[in-house]
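# Summary of structural features
So the chains spell out like this:
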Amino acid sequence: MNLTIGDRVLYRKNELLYEGTIESIQGDKIKIDDKTIKLIIVAISKNTIAERLSFKKE
């Protein structure tokens, strides 16, 4: 898979999942644009009232 500037990617840092847009690529180092970083929260709860809840935090 080839990544390019402007691609949206998911990545882990300190056991948390984040999404962001690639700002630059230099060799094997990728810089994510700070303004685009979002924490991704995932929850699975089947057969409960929480099954229909959704969370959005930026």
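What counts as what
Residues numbered from 1 in each chain as written. Predicted model: local features only at pLDDT ≥ 70, side-chain atom pairs only at ≥ 80, totals over all residues. Heavy atoms only, no water. Helix = DSSP H or I, 4+ residues; strand = E, 2+ residues; numbered from the N terminus. Contact = heavy atoms within 4.5 Å. Areas by Shrake-Rupley, 256 points an atom, 1.4 Å probe, with all protein chains shown as cover. Salt bridge = Lys/Arg side-chain N within 4 Å of Asp/Glu carboxyl O. Buried < 20%, exposed > 50% of the residue type's maximum accessible area, 1.4 Å probe, protein only. Pairing = 2+ DSSP bridges.

## A few points about the overall build of the protein chain
- Check the secondary structure of the protein chain and you find zero helices and four strands.
- Each helix and strand of the protein chain, ordered N terminal to C terminal, gives the series β-β-β-β.
- Counted over contacts in the protein chain with a minimum sequence separation of 6, partners at least 24 positions apart contribute 6%.
- Here the protein chain displays about 5,500 Å² of accessible surface, and carbon together with sulfur accounts for 51% of that area.

## Examining the pattern of salt bridges
- Going through the model one piece at a time under the given rule, you end up with two salt bridges.
- One salt bridge connects Glu19 with Arg8, and the closest N-O pair in it is separated by 3.0 Å. Of this pair, Glu19 sits in strand β2 (residues 16-26) while Arg8 sits in strand β1 (residues 8-13); the two residues are eleven residues apart in sequence, bridging distant segments of the chain.
- Residue classification places Glu19 among the buried positions, given a relative accessible area of 17%.
- The shortest N-O distance in the salt bridge between Lys31 and Glu23 comes to 3.3 Å.
- Under the relative-accessibility criterion, Lys31 is labelled partly exposed at 45%.

## Some details on the pairing of β2
- With six bridges connecting them, β1 and β2 associate as antiparallel partners. In the sheet register, Lys13 faces β2, and the bridge partner there is Leu16.
- The antiparallel pairing of β1 with β2 creates a hairpin that spans two residues between the two strands, and Asn14 there sits at a positive phi of about 55 degrees.
- As judged from the three bridges shared by β2 and strand β4 (residues 38-40), these two strands associate in the antiparallel manner. Its bridge partner being in β4, Tyr18 is matched across the sheet by Leu39.

## Brief notes about the environment of Asp33
- Mapped onto the secondary structure, Asp33 falls in the loop between β3 (29-32) and β4.
- For the pair formed by Asp33 and Gly20, sequence separation is 13 residues and the distance between their alpha carbons is 6.7 Å.
- When sequence neighbours within four positions are dropped, the list of residues in contact with Asp33 reads Thr21 and Glu23.

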